[in-house]
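# Breakdown of the fold
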Amino acid sequence: MQSVIAHYQEIALKGKNRPWFLRRLIHNLEAVFEDLDVRKVRAPMGRIEIELGAEASWAEIRARLQRVFGLANFARAGRADLDVEAIAAAILRDLPDEPVEAFRIMVRRPDKRFPIPSPVLEREIGARVQAARGWPVRLKHPPLVIWVEILPGEAFYYFGKEPGPGGMPSGTSGRVAVLLSGGIDSPVAAWRMMRRGCKAVFIHFHSYPFLSVTSQDKARELARLLTRYQLRSQLHLVPFGELQRRVTLSVPGPMRVVVYRRLMLRIAEAIAHRTRAHALVTGEVVGQVASQTLENMTVIAQATSLEILRPLVGMDKEEITDAAQRLGSYPISIVPDEDCCTLFTPRHPLTRARLDEVLAAEAALPIEEMVREALDRTAVERFAYPVVESTVASPPDVEAVTGI
Ligand code: ATP
Ligand code: MG
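Residues numbered from 1 in each chain as written. Chains lettered and ligands numbered in written order. Predicted model: local features only at pLDDT ≥ 70, side-chain atom pairs only at ≥ 80, totals over all residues. Heavy atoms only, no water.

## Notes on the pairing of strand β6 (residues 144-151)
Across the 8 residues of β6, 8 count as buried, placing the element largely inside the fold. Residue alternation in β6 divides its side chains into two sets, Leu144, Ile146, Val148 and Ile150 and Val145, Trp147, Glu149 and Leu151, and both sets are buried. For strand β5 (residues 103-108) and β6, the ladder comprises 6 bridges, and the chain directions are parallel. Across the sheet, the residue bridging to Arg104 is Val145, located in β6. In this fold, β5 hands off to helix α4 (residues 118-133), which returns the chain to β6; that crossover is left-handed. Pairing between β6 and strand β7 (residues 154-159): 6 bridges, direction antiparallel. Bridge pairing in β7 links Ile146 to Phe159. Taken together, β6 and the strand that follows it, β7, pair antiparallel across an intervening segment of 2 residues, in which Gly153 is found at a positive phi of about 80°. (Buried < 20%, exposed > 50% of the residue type's maximum accessible area, 1.4 Å probe, protein only. Helix = DSSP H or I, 4+ residues; strand = E, 2+ residues; numbered from the N terminus. Pairing = 2+ DSSP bridges. Right-handed = clockwise from strand over helix to strand, strands pointing away.)

In structure tokens form, the structure reads like this:
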């Protein structure tokens, strides 16, 4: 069985834009299999066929397909001539040896030029399988479904199908800048937006040398993990400790977290402009920690005119933790490190910030200069998948950072 048949769901609804979404999906599939023995990716009549070479490892192909956004489901498939006998013979050759409790055939016939209607084909192929194997047919929830797809000039068959990751093909929804801490929430937030077709640029604020380099290593690990879903990423590492030190000189302790967060958003906005990202993404959740009361979130958000997307805003910690475990980010996120927002911060920050008070406190700070200095000292690292390129650190000049 040297093919994969995959189906897409949401793209099917996109009307006039459909060919564009489909081209993007095919391009993404070609890129993710760049280093494997994959011969061809094509889109016959509303599905995708991936033709595998003899060297292709199904385990690896399968693992990668589970990360290609836009796929609703997929299965390893065999090809047969357009003829009932040929289809049944190929199925019988490839069926697993182990007996099954019951089965059914499901035929899809998008190419109506083939004269035999699907129910007739189902009965005829089913009868041959039953005669050869002695398995009973059951139409409701059989443990084995044998799928047959009748396409122009050829038929495909496969045994069951597995779910893809869903969503929209990477790169079809524009770019977003994700504030990626080393915590549990923000990688999940990034993944959720990436699943909607957004390309993510990652931004991490660290307080090295005031705190250890651990948070940067965690951000790198997370960026590497997430890159497997979008194939090219940039991670902007912003030194934040010196800014925090300056904030402590004039801003009262309880207000500092809000001021730090507003500074982060201003810096993130500048990076978003440079990388042509259209929105910011955070892992904020209402009520989760002191900085995430509605009052504080509102005052923090006033620091930028960019849209802030918070895909986790209404989720419970447990739901987010489950998602982090499925994504594989959880073990990275729980490595102990000191969050930069705990630096120079009292244990009881303000929970009800007021914009006028925060603006008054910020008036004593050279905000623009602080933002510019942080940007000047930001390092950009690049990640690629499946072929790993060496990560190069460079200052974020516009030419270098726009070409994801
Ligand atoms: P997370 O688990 O994502 O760190 P959290 O529950 O710890 O979230 P906060 O620390 O209040 O919540 O952070 C809220 C959001 O602000 C994070 O989800 C992230 O998007 C952003 N953020 C916080 N700290 C940083 C940082 N050091 N670098 C980049 N973004 C950050
Ligand atoms: Mg955090």
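## Concerning the packing of helix α8 (residues 256-274) against helix α12 (residues 355-362)
Remark: α8 packs on α12, axes separated minimally by 11 Å, with the N-to-C direction vectors making an angle of 75°. Relative to α12, the element α8 is oriented roughly perpendicular. On α12, the residues that touch Val258, Val259, Arg262 and Arg266 of α8 are Leu355, Val358, Leu359 and Glu362. (Axes fitted to C-alpha atoms, helices over the stretch in contact; angles between N-to-C directions. Parallel < 35°, antiparallel > 145°, perpendicular 65-115°, else oblique. Contact = heavy atoms within 4.5 Å.)

## Considering the sheet that holds strand β13 (residues 307-309)
Taken together, 6 strands build an open sheet; the order of strands is β13-β12-β9-β10-β11-β14 and the sheet is mixed. The open sheet has two free edges, formed respectively by β13 and β14 (379-384), since each of these has just one partner strand. The sheet shows a mean angle of 25° between the axes of neighbouring strands, taken without regard to direction. Of the strand pairs in this sheet, strand β9 (residues 175-179) and strand β12 (residues 279-281) are connected by 3 bridges, and their pairing is parallel. Opposite Val178, over in β12, you have Val281 as the bridge partner. Sheet strands touched by α8: β9, β10 (199-206), β11 (232-239), β12 and β13. Its angle to β10, the strand with the most contacts, is close to 140°.

## Some details on the pattern of salt bridges
Inspection of every chain in the model, using the stated rule, returns 29 salt bridges. In this structure, Glu51 engages Arg79 in a salt bridge whose closest nitrogen and oxygen atoms are separated by 3.7 Å. Here the residue Glu51 occupies a position in strand β3 (residues 48-52), and Arg79 occupies one in strand β4 (residues 71-80), the gap between them amounting to 28 residues. On the accessibility criterion, Arg79 (37% relative accessible area) is partly exposed. For Arg104, the salt bridge identified is with Glu122, shortest N-O distance 3.8 Å. Taken as a pair, Arg104 in strand β5 and Glu122 in helix α4 lie far apart in primary sequence, 18 residues in all. (Salt bridge = Lys/Arg side-chain N within 4 Å of Asp/Glu carboxyl O.)

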